[in-house]
Amino acid sequence: MNLDFYKGKRVLITGHTGFKGTWLTKMLVMAGAKVTGYSSGVPTDPSLFVLSDMDKQMDSVVGDVRDLAHLREVFEKVRPEIVFHLAAQPIVRDSYKDPVYTYETNVMGTVNVLECVRQTDCVRSFLNVTTDKVYENREWEWGYRETDPLDGFDPYSNSKSCSELVTHSYKNSFFADGKVAVSTARAGNVIGGGDFANDRIIPDCVRAAQEGIPIPVRNPHSTRPFQHVLEPLGAYLMIAEKQYEDGKYAGYYNVGPDECDCVTTGELVELFCRIWGGGQTWEDHFAGGPHEANFLKLDCSRMKHTFGWRPTWGITQAVEKTIQWSRAWLAGEDVNRVMEEQIREYMTEAR
């Protein structure tokens, strides 16, 4: 891992104010990139983007990816060389509450971003960040491969599968000449400091620990490819760089943990309680609810074979780093400094 490539590069990130978007923006700013973010606003309160003062370190544009005209204006002004598309409605249970907004954002948002890439002659590398949930889930015990069928049961998962298909169509229809290298990355469940979203297990853990109550766990038996947020972000940066330099690297990539680090939600919470200490406990609050996959793993052989990429932080270290950031935030410490320290540490160990 070496981010020297990004120094001076013009980079546009959609969804830069979200959890993953803020960490990615921070990495690129530290690398010396000229970063512009495009987002409809901060998605949570508190917000990692606000806490880390990222708006003072890059050009942050308020806009909705559903607004093609405004998005096109930003592309024409910024003239990005590299585009990371992260903007999305990312919560499965929220997609049941508002499926129309979910599809508008996740599908037409992708269409609009790709249309801007098509009409802007400066873009050389485009990466669409989707999810491990794009696959037709068969509840089997081995990891899904990039060649497995796409589907998605719930509106969120299906909309991200549609986003994959939109990207595939644009790639074949408009970028076959190789002037723009196009890839998608299907990452597993991420954890890390500064995630304040609803319906995510680690934010629930931190909130419960803060209040001194047992952690409510909705489904302790579901298996997920949990990984620290820096793991997929490092992979995204690697993909975008390599395909910028050589279009042969453009493709579809899974990004997840090794088999030994795929754990159930209950095991993750047990690990959190042990590392947090203070007698922290959790409770099983399973009560049915909308359909969600129970068993989900990724086969990351393509990423490993193509780039020599390997996960750096296992699940224990991922939880430790998450708790380190959370305790710093609760103590009123400088979380911006903690982020930078963790990024430097990760980059050093990933080399």
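Here's a quick rundown of the structure.

Details of the packing of aromatic side chains
Argument step 1. One pass over the full model with this rule turns up 14 aromatic pairs.
Argument step 2. When the centroid spacing of 6.2 Å and the interplanar angle of 65 degrees are considered together, the rings of Phe-196 and Trp-325 count as edge-to-face. Of the two residues, Phe-196 is situated in the loop between β7 (190-191) and α7 (201-211) and Trp-325 in helix α11 (residues 315-330); the sequence distance between them amounts to 129 residues.
Argument step 3. With a relative accessible area of 14%, Phe-196 lands in the buried category.
Argument step 4. A residue is classified by how much of its surface remains accessible, and Trp-325, at 1% relative accessible area, is buried.
Argument step 5. Put simply, the rings of Tyr-135, Trp-140, Trp-142 and Tyr-144 pair up and form one aromatic cluster.
Argument step 6. Between Lys-9 and the ring centre of Phe-5, over which it is positioned, the NZ or CZ distance is 4.3 Å.

Comments concerning empty space enclosed by the protein
Argument step 1. Across all of its chains, the model carries 1 cavity of 30 Å³ or more by this definition.
Argument step 2. Here the largest cavity is characterised by a volume of approximately 50 Å³.
Argument step 3. Lining of the largest cavity is provided by Phe-226, Gln-227, His-228, Glu-231, Pro-257, Asp-258, Asp-261, Pro-311, Trp-313, Gly-314 and Ile-315.

Quick word on the packing of helix α9 (residues 265-276) against α11
Argument step 1. The interhelical angle for the contact between α9 and α11, taken along N-to-C directions, is 55 degrees, at an axis separation of 10 Å. It follows that α9 is oblique to α11 by the angle criterion. For the element pair α9 and α11, the recorded crossing hand is right-handed. Residues Leu-268, Leu-271, Phe-272, Ile-275 and Trp-276 of α9 touch α11, and the partners they reach there are Ile-315, Thr-316, Val-319, Glu-320, Ile-323, Ser-326, Arg-327 and Leu-330.
Argument step 2. When grouped by side-chain class, the residues that make up the contact of α9 with α11 number 9 nonpolar, 2 polar and 2 charged.

A look at the sheet that holds strand β6 (residues 181-187)
Argument step 1. On the basis of which strands lie adjacent, the open sheet formed by 7 strands has the order β3-β2-β1-β4-β5-β6-β11 and parallel pairing. Every other strand in the sheet has two partners, leaving β3 (59-62) and β11 (252-255) as the edge strands with one partner each. Here the strands of the sheet are splayed against their neighbours by 20 degrees on average, with no regard to which way each runs.
Argument step 2. Of the pairings in the sheet, the one linking strand β4 (residues 82-85) to strand β5 (residues 125-129) comprises 4 bridges and is parallel in character. Within β5, the residue paired with Ile-82 across the bridge is Ser-125.
Argument step 3. The strands that helix α3 (residues 68-78) touches are β1 (10-14), β2 (34-39), β3 and β4; relative to β2, the one it contacts most, it runs at about 175 degrees.
Argument step 4. Sitting on the sheet, helix α5 (residues 99-119) is in contact with β1, β4 and β5, with an inclination near 175 degrees to β4.

Thoughts on the pairing of β11
Argument step 1. Across the two faces of β11 the burial is the same, with Tyr-252 and Asn-254 and Tyr-253 and Val-255 all buried.
Argument step 2. Direction of pairing for β6 relative to β11: parallel, over a ladder of 4 bridges. Bridge assignment links Arg-186 to a residue of β11, and that residue is Asn-254.

Side note on the packing of α5 against helix α6 (residues 155-174)
Argument step 1. α6 packs onto α5 with a crossing angle of 20 degrees between their chain directions and a minimal axis gap of 9 Å. Relative to α6, the element α5 lies roughly parallel. For α5 against α6, the interelement crossing comes out right-handed. In this structure, α5 uses Pro-99, Thr-102, Tyr-103, Asn-106, Val-107, Thr-110, Val-111, Leu-114, Glu-115 and Arg-118 to contact α6, whose residues at the interface are Pro-155, Tyr-156, Asn-158, Ser-159, Lys-160, Cys-162, Ser-163, Val-166, Thr-167, Tyr-170 and Phe-174.
Argument step 2. Within the contact of α5 with α6, the residues separate by chemical class into 11 nonpolar, 7 polar and 3 charged.

Some words on the nonpolar core
Argument step 1. If you look at the biggest cluster of nonpolar residues, it comprises 58 residues, and the most contacted ones within it are Tyr-6, Trp-23, Leu-28, Phe-84, Leu-230, Met-303 and Trp-325.
Argument step 2. Of the residues forming this core, the biggest block, 9 residues, is contributed by helix α8 (residues 230-245).
Argument step 3. Once residues lying within four places of it in the same chain are set aside, the contact partners of Trp-325 are Trp-23, Leu-48, Leu-51, Gly-193, Gly-194, Phe-196, Val-335, Val-338, Met-339 and Gln-342.
Argument step 4. Counting residues in each nonpolar core, the second largest holds 24 residues, with Val-65, Val-74, Val-113 and Val-117 among its members.

Side note on the pattern of salt bridges
Argument step 1. Applying the stated criterion across every chain yields a total of 22 salt bridges.
Argument step 2. Among the ionic pairs, Asp-94 bridges to Lys-97, the shortest N-O distance being 3.6 Å. Of this pair, Asp-94 and Lys-97 both sit in helix α4 (residues 92-97), 3 residues apart, which is roughly one turn of that helix.
Argument step 3. Given the relative accessible area of 21%, Asp-94 is considered partly exposed.
Argument step 4. In this structure, the salt-bridge partner of Glu-340 is Arg-344, at a minimum N-O distance of 3.8 Å. With Glu-340 and Arg-344 both in helix α12 (residues 335-350), this residue pair falls 4 residues apart, about one helical turn.

Re α12
Since one α-helical turn is 3.6 residues long, residues separated by three or four positions face the same way.
Argument step 1. Over its 16 residues, α12 extends 22 Å from the first C-alpha to the last, a length consistent with the 22 Å expected when each residue adds 1.5 Å.
Argument step 2. Along α12, the residues classified as buried are Val-335, Asn-336, Val-338, Met-339, Gln-342, Ile-343, Tyr-346 and Met-347. One side of α12 holds all its buried residues, which, seen down the axis, span an arc of 160 degrees.
Argument step 3. Those residues of α12 hidden inside the fold are in contact with α1 (19-31), α2 (48-51), β10 (227-228), α8 and α11.
Argument step 4. Capping the start of α12 is the job of one residue whose side-chain oxygen sits 3.1 Å from the backbone nitrogen of Asn-336: Asp-334.

Definitions and cut-offs
- Residues numbered from 1 in each chain as written.
- Predicted model: local features only at pLDDT ≥ 70, side-chain atom pairs only at ≥ 80, totals over all residues.
- Heavy atoms only, no water.
- Phe/Tyr/Trp six-rings, centres within 6.5 Å; stacked < 30°, edge-to-face > 60°.
- Helix = DSSP H or I, 4+ residues; strand = E, 2+ residues; numbered from the N terminus.
- Buried < 20%, exposed > 50% of the residue type's maximum accessible area, 1.4 Å probe, protein only.
- Lys NZ or Arg CZ within 6 Å of the ring centre and 35° of its normal.
- 1 Å grid on protein atoms, 1.4 Å probe; cavity = no way out; pocket = protein on both sides within 12 Å on 5 of 7 lines; lining within 4 Å.
- Points joined across faces, edges and corners; volume = space filled by probe spheres on them.
- Axes fitted to C-alpha atoms, helices over the stretch in contact; angles between N-to-C directions.
- Parallel < 35°, antiparallel > 145°, perpendicular 65-115°, else oblique.
- Left-handed = near helix turned anticlockwise from the far one by under 90°.
- Contact = heavy atoms within 4.5 Å.
- Nonpolar A, V, L, I, M, F, W, Y, C, P; charged D, E, K, R; others polar.
- Pairing = 2+ DSSP bridges.
- Core = buried A, V, L, I, M, F, W, Y, C linked by side-chain atoms within 4.5 Å.
- Salt bridge = Lys/Arg side-chain N within 4 Å of Asp/Glu carboxyl O.
- Expected span 1.5 Å × (residues − 1).
- Arc of directions from axis to C-beta.
- Polar contact = N/O pair within 3.5 Å; in protein donor to acceptor, adjacent residues only side chain to side chain.

Everything listed here is a matter of geometry and, on its own, says nothing about what the molecule does.
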